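# A look at the structure
Spelled out from the first residue to the last, the chains are:
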Amino acid sequence: QVRVVESGGGLVQPGGSLTLSCSASGFLFSGYPMQWYRQTPGAERVLVAQISGDQRSIYYFEPVKGRFTISRDNAKAMVYLQMNNVDYDDTAMYYCYAPVSAGYWGQGTQVTVSA
């Protein structure tokens, strides 16, 4: 079955960096775009970044442009979110999403930006 598992969250200081990883299995990974969302308490999930299966098309949420980089390794069925120059507004639960069939979410990984 389809499985999506995030890792790499944690506590990071403002201006610091963090890399999130997402491992996917159970589907033809290279055939699907992959997405990173984030959510804060009481708010809806927001699409942060998306990368197409062939890596030719990439989307970023405006507030993270120039700071975050999404990438993927189709051979390893992994997708990454490199977060640089983080600020307090980046504090959130980050989710990996595979738009396969009805869609599959990971369990999320918490990123907390704090001095």
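Data block above holds the structure.
The present account deals with the structure reproduced in this document. Just so you know, these numbers come straight off a predicted model, no measurement behind them.

The next thing to look at is the pairing of strand 5 (residues 46–51). Sheet faces and side chains relate simply in a regular strand, where the side chains alternate between the two faces. As paired elements, strand 4 (residues 34–39) and strand 5 share five bridges and run antiparallel to each other. By the bridge assignment for strand 5, Trp36 is matched with Ala49. Between the antiparallel neighbours strand 4 and strand 5 lie six residues, among them Gly42 with a positive phi of about 85°. Examined bridge by bridge, strand 5 and strand 6 (residues 58–60) share three bridges and lie antiparallel to one another. Looking at strand 6, one finds that Ala49 is bridged to Tyr60.

Judged by how many residues are buried, strand 4 sits mostly within the fold: five of six residues are covered. As judged from the five bridges shared by strand 4 and strand 9 (residues 92–98), these two strands associate in the antiparallel manner. From the neighbouring strand, Tyr37 faces strand 9, where its bridge partner is Tyr95.

Under the counting rule described, the total for this entry stands at four salt bridges. Across the salt bridge formed by Asp90 and Arg38, the nearest N and O atoms sit 2.9 Å from each other. Pair noted here: Asp90 is in the loop between strand 8 (78–83) and strand 9 and Arg38 is in strand 4, with a separation of 52 residues, a long-range link. Across the pair, exposure class does not vary: Asp90 and Arg38 are buried alike. Linking Glu62 and Lys65 is a salt bridge whose minimum nitrogen-to-oxygen distance equals 3.1 Å. Bridged by salt links that share partners, the residues Arg38, Arg67 and Asp90 form one connected network.

We now examine the environment of Tyr94. As for its position among the elements, Tyr94 is in strand 9. With 46 residues separating them in the primary sequence, Tyr94 and Val48 have C-alpha atoms 9.0 Å apart. Not counting residues up to four positions away in its chain, the partners in contact with Tyr94 are Glu6, Leu20, Trp36, Tyr37, Arg38, Val48, Phe68, Leu81, Met83, Gly108, Thr109 and Val111. At a separation of 3.0 Å, a polar atom in the side chain of Tyr94 contacts the side chain of Arg38.

Strand pairing in a sheet is mediated by backbone hydrogen bonds. Such pairs are either parallel or antiparallel. Strand order in the open sheet formed by four strands is 1-3-8-7, and the pairing between neighbours is antiparallel. Edge strands, defined here as strands with exactly one partner in the open sheet, are strand 1 (3–7) and strand 7 (68–73). Strand after strand, the sheet turns through a mean of 15° between neighbouring axes, direction not considered.

Turning next to the packing of aromatic side chains. This model, assessed by the stated rule, comprises six aromatic pairs. For the ring pair Phe27 and Tyr32, a centre distance of 5.7 Å and an interplane angle of 80° mean the geometry is edge-to-face. Each ring, one from Tyr37 and one from Trp105, has its centre 4.9 Å from the other, and the planes form 65°; the classification is edge-to-face. Within this pair, whereas Tyr37 is found in strand 4, its partner Trp105 is found in strand 10 (residues 104–105), the two being separated by 68 residues in sequence.

Cut-offs and rules
- Each chain carries its own residue numbering, running from 1 in the written order of its sequence.
- In keeping with the predicted nature of the model, local features appear solely for residues at pLDDT of at least 70, side-chain atom pairs appear and are counted solely at 80 or more, and the whole-chain, interface and lining totals rest on all residues.
- To obtain the side-chain values, all non-hydrogen atoms of the structure were used and water was disregarded.
- Think of it this way: DSSP has to see at least two bridges between two strands before they count as a pair.
- Every helix listed is a DSSP run of H or I at least four residues long, and every strand listed is a run of E at least two residues long, numbered separately from the N terminus.
- Relative accessibility decides the category of a residue: with a 1.4 Å probe and only protein chains considered, values under 20% of the type maximum give buried, values over 50% give exposed, and everything between is partly exposed.
- Here, a salt bridge means any Lys or Arg side-chain nitrogen found within 4 Å of an Asp or Glu carboxyl oxygen.
- The contact rule is simple, with two residues in contact once any of their heavy atoms fall within 4.5 Å.
- Identification of polar contacts relies on pairs of N or O atoms within 3.5 Å, with a donor-acceptor requirement for protein atoms, meaning one able to donate a hydrogen and the other able to accept it, and with residues adjacent in sequence counted only if both atoms are side-chain atoms.
- Interaxial angles span 0 to 180 degrees and are taken between N-to-C directions of axes, which are lines fitted to C-alpha atoms, for helices over the stretch in contact.
- Aromatic contacts are taken between Phe, Tyr and Trp rings whose centres are within 6.5 Å, Trp giving its six-membered ring; a plane angle under 30 degrees counts as stacked, one over 60 as edge-to-face, and the others as tilted.

Any functional reading would require information that these geometric values do not contain.
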